[in-house]
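Here are the chains, one letter per residue:
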Amino acid sequence: MKKIIISAKSKNGVIGRQGELPWHSKDEFLHFKTTTFGFPIIMGRKTFQSLGKPLKGRLHLVITRQKNFSLPFREVLIFNDLKTAFAYCERNNFEKVYVIGGGEIYKQAINHVDELIISIINIEVNGDVHFPLIDPAIWKEASREKRNEFDIVVYSKI
């Protein structure tokens, strides 16, 4: 099973401001949707709550430390840690799983995934959540696709 982080970040590394994305890009949302559609997505509780409801065509694995946390959606499973969520995906023989945020989940996952797909939005913004630093001793840029509002950069492990 391939474990992949997918994220969008500003040129200065911001991924969130007060629980929301600090930009709106239809093209980047479409890239996210077409990339993750049909595969499980792992996210933190706050990220799921910012979505408001499950995204179509994807199993949602929500990570939370809150005991007895539940959601009324059958396409959402709750886990208390990332390791258990990854183990669930392994047991179910998923081809790929995408980690979609937020900041704390990215920090926990970055050393345990096989690939990063990062949309670098062509702006600098203020925000309170940043993507973790991508260590060049661990990650190398494998490809870059330029779009109007952002670049899609794929990183693979060295």
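See above for the structure.
Remember, predicted model here, so these are calculated numbers, not experimental data. (Residues numbered from 1 in each chain as written. Predicted model: local features only at pLDDT ≥ 70, side-chain atom pairs only at ≥ 80, totals over all residues. Heavy atoms only, no water.)

1. Things to note about the side chain of Thr35
Applicable threshold: Helical segments are the DSSP runs of H or I of at least four residues, strand segments are the runs of E of at least two, and each set is numbered from the N terminus. A 3.5 Å cut-off defines polar contacts: any pair of N or O atoms within that distance qualifies, except that in protein one atom must be a possible hydrogen donor and the other a possible acceptor, and neighbouring residues in sequence count only when both atoms are side-chain atoms. It only takes one pair of heavy atoms within 4.5 Å for two residues to be counted as in contact.
Residue placement: Thr35 occurs in helix H1 (residues 26-36). From its side chain, Thr35 meets the backbone oxygen of His31 in a polar contact 2.7 Å long. Residues in contact with Thr35, not counting those within four places in the same chain, are Ile6, Tyr98 and Ile117.

2. Remarks on H1
Cut-off, in case you're wondering: Burial classes: relative accessible area under 20% of the type maximum marks a residue as buried, over 50% as exposed, and values in between as partly exposed (1.4 Å probe, protein chains only). The arc in question is the one traced by the directions running from the helix axis out to the C-beta atoms.
Burial in H1 covers these residues: Glu28, His31, Phe32, Thr35 and Thr36. Buried residues along H1 cover an arc of 105 degrees about the axis, so they all sit on one side. Exposed residues on H1 whose side chains face more than 90 degrees from its buried face are Lys26 and Thr34. Turning to H1, the residues buried within the fold contact strand E1 (2-10), strand E3 (41-44), strand E6 (96-101), strand E7 (115-121) and strand E10 (150-157).

3. Remarks on the environment of Phe37
Mapped onto the elements, Phe37 comes out in the loop between H1 and E3. Relative accessible area serves as the criterion here: at 43%, Phe37 is assigned to the partly exposed category. When the C-alpha positions of Phe37 and Gly127 are compared, they lie 28 Å apart, and in sequence the two are 90 residues distant. Non-local contacts of Phe37, meaning those with residues more than four positions away in its chain, are made with Lys56, Gly57 and Arg58.

4. A short note on the layout of surface pockets
Note the threshold: Space inside and on the surface of the protein is sampled on a 1 Å grid over the protein atoms alone, with a cavity defined as a set of points where a 1.4 Å probe fits but cannot get out and a pocket as an open set with protein on both sides within 12 Å along at least 5 of 7 lines; lining residues have an atom within 4 Å of a point. Grid points are joined across faces, edges and corners, and a volume is the space filled by probe spheres set on the points. When residue character is reported, Ala, Val, Leu, Ile, Met, Phe, Trp, Tyr, Cys and Pro are called nonpolar, Asp, Glu, Lys and Arg charged, and the others, Gly included, polar.
Considered as a void within the structure, the largest pocket measures approximately 1300 Å³ in volume. Surrounding the largest pocket, 44 residues form its lining, Lys46, Thr47, Ser50, Gly101 and Gly102 being those nearest its centre. Those elements that provide at least two residues to the lining of the largest pocket are E1, strand E2 (14-16), H1, helix H2 (45-51), E6, helix H4 (103-109) and strand E8 (129-130). Ranked by residue count, the leading element in the lining of the largest pocket is H4, at 6 residues. Class assignment for the residues of the lining of the largest pocket results in 15 nonpolar, 15 polar and 14 charged.

5. Here's the deal with the environment of Val153
Inspection of the secondary structure assignment puts Val153 in strand E10. With relative accessibility at 0%, the residue Val153 sits in the buried group. Between the C-alpha atom of Val153 and that of Glu141, which follows or precedes it by 12 residues, the distance is 6.9 Å. Excluding residues within four positions of it along the chain, Val153 makes contact with Leu116, Ile117, Ile118, Ile120, Glu141, Ser143 and Arg144.

6. Points about the pattern of salt bridges
Defined as follows: Salt bridges are identified by distance alone: a Lys or Arg side-chain nitrogen within 4 Å of an Asp or Glu carboxyl oxygen.
Applying the stated criterion across every chain, the model contains 7 salt bridges. The closest approach of N and O atoms between Glu141 and Arg144, which form a salt bridge, is 3.0 Å. The exposure class of Arg144 is partly exposed, given its relative accessible area of 40%. Glu145 serves as the salt-bridge partner of Arg147, at 2.7 Å between the closest nitrogen and oxygen. In this structure Glu145 comes out as partly exposed when scored by relative accessible area, which is 39%. The network of salt bridges with common partners includes Glu141, Arg144, Lys146 and Asp151.

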